[in-house]
Amino acid sequence: MKTLPWIAPSLIALALVSGGGAADPSGEESSWRAGFGRRAITPTTPVWLAGYGTRRVPDGKIHDLWVKVLALQAKGGKRAVLATTDHMGMSKTIYESLYAKVNRRFSLARSEFMLTFSHNHCGPVLKDDLVDYYPLDDEQRRLVAEYSDWMEDQVVESVAEALANLQPAELLKGEGKCTFAVNRRENSEPEVARRLAEGLPLKGAVDHYVPVLAVKGPNGALRGILFGYACHPTTLSWTSWCGDYPGFAQLNLEANHPGAAALFFNACGGDQNPIPRRKLELCVEYGKMLSDAVEKALAEPMQRVSGELRSAFEFVDLAYDELVTREKLLPIANGTSPLHARWAKRVLKMIEDGVTFPAAYPYPVQAWQIGDELLLIGIGGEAVVDYSLRLKREFGPGTWVCGYANDMAAYIPSRRVWEEGGYEGGPHLDEYGRPAWRWAGDVEDRVAGAVHRVVNRVRGSSAPR
């Protein structure tokens, strides 16, 4: 496996997490304790790259892939653990396995553990994620299972490291702006180039905010940075391991702040793309634009986060519009699309085996109230940008939304996108292995209702601690 030699050494220098801690710079006793953990999770076997539904054999790496963990503990002892990874998606299988492990080993409640993934398309295929998407043979299935099991161990050990390294900390929040994300439903790639050249505005909803959480230790030393952005990491489509633009942004921040860990989460970027794309120099440029936005937020006055912590979690049933039938699957199984034929044949076999399909999918919704100043919402799948815009409007300043949390699930359209159809809103649940083609039209109402319920629990005066 080759490493591309021309990447500047400063970009690939990886910082060690600092320890120590005492009172915060204001002289008050710290209300928070924070810890960080990390492991490199770059495959060492020829497991295929995820995304794009094709056979993509790895030929080297540009930089390593990582799992990074932030553990928080409030003054009363309440904990919350956020794991961020450079993967495309986590299946429900992996999420449930990881949650069982962290619950058993660290006594973390489900609401206290949030598993996020950047949706990077230059990371490896994982077990049961987009199960019919790739033309896997038995050897690849074995490699995928072995890597997935090993990766889970790295996540758990990173959680252990973060919890073992809890130190007094100050939390500070701010927001920046970065503008390379484009609404891909409203702007074709050739049209983007033309409109930009002519100085014309692009079309469609976007959310260019960059939420930034700074974790500081003794004497104001920066220990970690959590930041987000709403955009697909699909600048690249080749066969070298890379974290795409979030990977470069994290490397930039860790090079600029030795001793600090940089962690990325993808906001609601289900219908957002980096455009133009498909060139490494663009990937580096977008990473620099994003890290510059974070740096600007760090340099400006930031709001101190008070020391309370509450968490809540709910699975909400997202109803299917129409379940599959044998009659409708047969022509697809014999059709011209290899991807859809794989799905149809697998589901037909389940029908023959007497499997009864559920009418809905259990969809994860999560909320953390971090002090009075920060509400972090985690929703599964690939939520379109409408969700971030709506939830920030409804819950007010200091609301951050992670749209790729706990379970890849499928695209999660808003009502608007569902009515418009297209790739994110139309009949494409088959590509995620579901026994249906489309969500029911009330998908946004169900998701938003669940979000309101978990937020009410973390914001209510009688909320569980």
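### Concerning the overall build of the protein
Alright, step 1. A tally of regular secondary structure across the protein gives twelve helices and 20 strands.
Alright, step 2. Computed over its C-alpha atoms, the radius of gyration of the protein comes to 21 Å, within 12% of the 23 Å expected for a compact globule of 465 residues.
Alright, step 3. Along the longest, intermediate and shortest principal axes, the C-alpha atoms of the protein span 70 × 55 × 50 Å.
Alright, step 4. Relative to its 465 residues, the protein shows a buried fraction of 60%.
Alright, step 5. Working note: accessible area of the protein is about 17,200 Å², and carbon and sulfur atoms make up 53% of it.
Alright, step 6. Within the protein, the 57 negative side-chain charges are centred at a point lying 1 Å from the centre of the 53 positive side-chain charges.

### Here we look at the side chain of E112
Alright, step 1. Structurally, E112 can be placed in the loop between α2 (92-106) and β6 (113-117).
Alright, step 2. Accessibility expressed as a relative area gives 11% for E112, which makes it buried.
Alright, step 3. Leaving out residues up to four positions away in the same chain, E112 has contacts with K78, R79, A80, V81, S107, S311, Q366 and W368.

### Looking at the sheet that holds strand β17 (residues 374-379)
Alright, step 1. The strand order β15-β16-β17-β19 describes an open sheet built from four strands, whose pairing is mixed. Since the sheet does not close on itself, it has two edges, and those belong to β15 (309-319) and β19 (399-402), each with one partner. On average, each strand axis in the sheet is inclined to that of its neighbour by 15 degrees, with strand direction left out of account.
Alright, step 2. Contacts between α2 and the sheet are confined to β15 and β16 (360-370), with β15 contributing the most and set at about 150 degrees to the helix.
Alright, step 3. Across the sheet, helix α9 (residues 385-395) lies against β17 and β19, angled at about 155 degrees from β19, the strand it touches most.

### Examining the side chain of R277
Alright, step 1. Within the element layout of this structure, R277 appears in the loop between β13 (272-274) and α6 (280-299).
Alright, step 2. A polar atom in the side chain of R277 sits 2.7 Å from the side chain of E189.
Alright, step 3. Here R277 is in contact with E189, T234, T235 and L282, once residues within four sequence places are set aside.

### Section: unusual backbone geometry
Alright, step 1. Put simply, I275 and P276 share a cis peptide bond, and its omega is 0 degrees.
Alright, step 2. As for its position among the elements, P276 is in the loop between β13 and α6.
Alright, step 3. Positive phi outside glycine occurs at A409, with the angle close to 55 degrees.

### Let's talk about the packing of aromatic side chains
Alright, step 1. What the rule picks out here adds up to 15 aromatic pairs.
Alright, step 2. For the pair F313 and F315, a centre-to-centre distance of 5.0 Å together with 80 degrees between the ring planes defines the contact as edge-to-face.
Alright, step 3. Here F313 falls in the buried class, since its relative accessible area comes to 11%.
Alright, step 4. Ring geometry for Y320 against W439: centres 5.5 Å apart, planes inclined by 10 degrees, an arrangement best described as stacked. Taken together, the positions of Y320 in the loop between β15 and α7 (326-333) and W439 in the loop between α11 (422-425) and α12 (443-459) put the pair 119 residues apart, joining distant regions of the chain. The two residues Y320 and W439 agree in class, both being buried.
Alright, step 5. Taken together, the ring pairs connect F180, F227, Y229, Y245, F264 and Y286 into an aromatic cluster.
Alright, step 6. Its guanidinium or amino end placed over the ring of F313, R110 lies 5.6 Å from that ring's centre, counting from NZ or CZ.
Alright, step 7. Positioned above the aromatic ring of Y209, the side-chain terminus of K392 is 3.3 Å from the ring centre.

### Description of the pattern of salt bridges
Alright, step 1. For the coordinates displayed, the defined rule picks out 34 salt bridges.
Alright, step 2. Residue E420 is joined to R416 by a salt bridge in which the shortest nitrogen-to-oxygen separation is 3.2 Å. Pair noted here: E420 and R416 are both in helix α10 (residues 415-420), with a separation of four residues, about one helical turn.
Alright, step 3. Each of R184, R185, D386, R416, E420 and E424 takes part in a single network of salt bridges with overlapping partners.

### A short note on helix α5 (residues 244-256)
Alright, step 1. For α5, spanning 13 residues, the distance from its first C-alpha to its last is 19 Å, which sits close to the expected 18 Å at 1.5 Å a residue.
Alright, step 2. Considered for burial, the residues of α5 that qualify are D244, Y245, P246, G247, F248, A249, Q250, L251, N252, L253 and E254.

### Some points on the confidence of the model for the protein
Alright, step 1. Summary statistics for the protein give a mean pLDDT of 92 and a share of 93% for residues scoring 70 or more.
Alright, step 2. Under a pLDDT of 50 for its full length, residues 1-27 has, in the predicted model, 60 contacts with residues more than four places off or in other chains.
Alright, step 3. Under a pLDDT of 50 for its full length, residues 461-465 has, in the predicted model, ten contacts with residues more than four places off or in other chains.

### Topic: the packing of α2 against helix α3 (residues 138-164)
Alright, step 1. Here α2 crosses α3 at 35 degrees, and the two axes come no closer than 10 Å. For the pair α2 and α3, the crossing hand works out as right-handed. The residues of α3 that touch α2, namely those facing I94, S97, L98, K101, V102, R105 and F106, are S148, M151, E152, D153, V155, V156, E157, V159, A160 and L163.
Alright, step 2. Grouping the amino acids of the contact of α2 with α3 by side-chain chemistry returns ten nonpolar, two polar and five charged.

### Points about the pairing of β16
In summary, the side chains of a regular strand alternate between the two faces of the sheet.
Alright, step 1. With ten of eleven residues buried, β16 lies mostly within the body of the structure.
Alright, step 2. Two elements, β15 and β16, share eleven bridges in a ladder whose sense is antiparallel. Bridging across to β16, L318 finds its partner in Y361.
Alright, step 3. One ladder, built from six bridges, connects β16 with β17; its direction is antiparallel. Looking across to β17, one finds that W368 is bridged to L376.
Alright, step 4. The loop that links β16 with its antiparallel partner β17 comprises three residues; one of these, G371, has a positive phi angle of about 65 degrees.

### So, the pairing of strand β2 (residues 32-40)
Alright, step 1. Here β2 pairs with strand β7 (residues 167-177) via three bridges, running antiparallel. Residue W32 lies in a different strand from β7, and its bridge partner there is A169.
Alright, step 2. The sheet contact formed by β2 and strand β4 (residues 66-73) spans eight bridges and is antiparallel. When the bridges of β4 are listed, R38 appears paired with K68.

Parameters at a glance
Residues numbered from 1 in each chain as written. Predicted model: local features only at pLDDT ≥ 70, side-chain atom pairs only at ≥ 80, totals over all residues. Heavy atoms only, no water. Helix = DSSP H or I, 4+ residues; strand = E, 2+ residues; numbered from the N terminus. Rg over C-alpha atoms; globule rule 2.2 N^0.38 Å. Buried < 20%, exposed > 50% of the residue type's maximum accessible area, 1.4 Å probe, protein only. Areas by Shrake-Rupley, 256 points an atom, 1.4 Å probe, with all protein chains shown as cover. Lys, Arg positive; Asp, Glu negative; His and termini not counted. Charge placed at Lys NZ, Arg CZ, Asp CG, Glu CD. Contact = heavy atoms within 4.5 Å. Pairing = 2+ DSSP bridges. Axes fitted to C-alpha atoms, helices over the stretch in contact; angles between N-to-C directions. Polar contact = N/O pair within 3.5 Å; in protein donor to acceptor, adjacent residues only side chain to side chain. Phe/Tyr/Trp six-rings, centres within 6.5 Å; stacked < 30°, edge-to-face > 60°. Lys NZ or Arg CZ within 6 Å of the ring centre and 35° of its normal. Salt bridge = Lys/Arg side-chain N within 4 Å of Asp/Glu carboxyl O. Expected span 1.5 Å × (residues − 1). pLDDT = per-residue confidence, 0-100. Left-handed = near helix turned anticlockwise from the far one by under 90°. Nonpolar A, V, L, I, M, F, W, Y, C, P; charged D, E, K, R; others polar.

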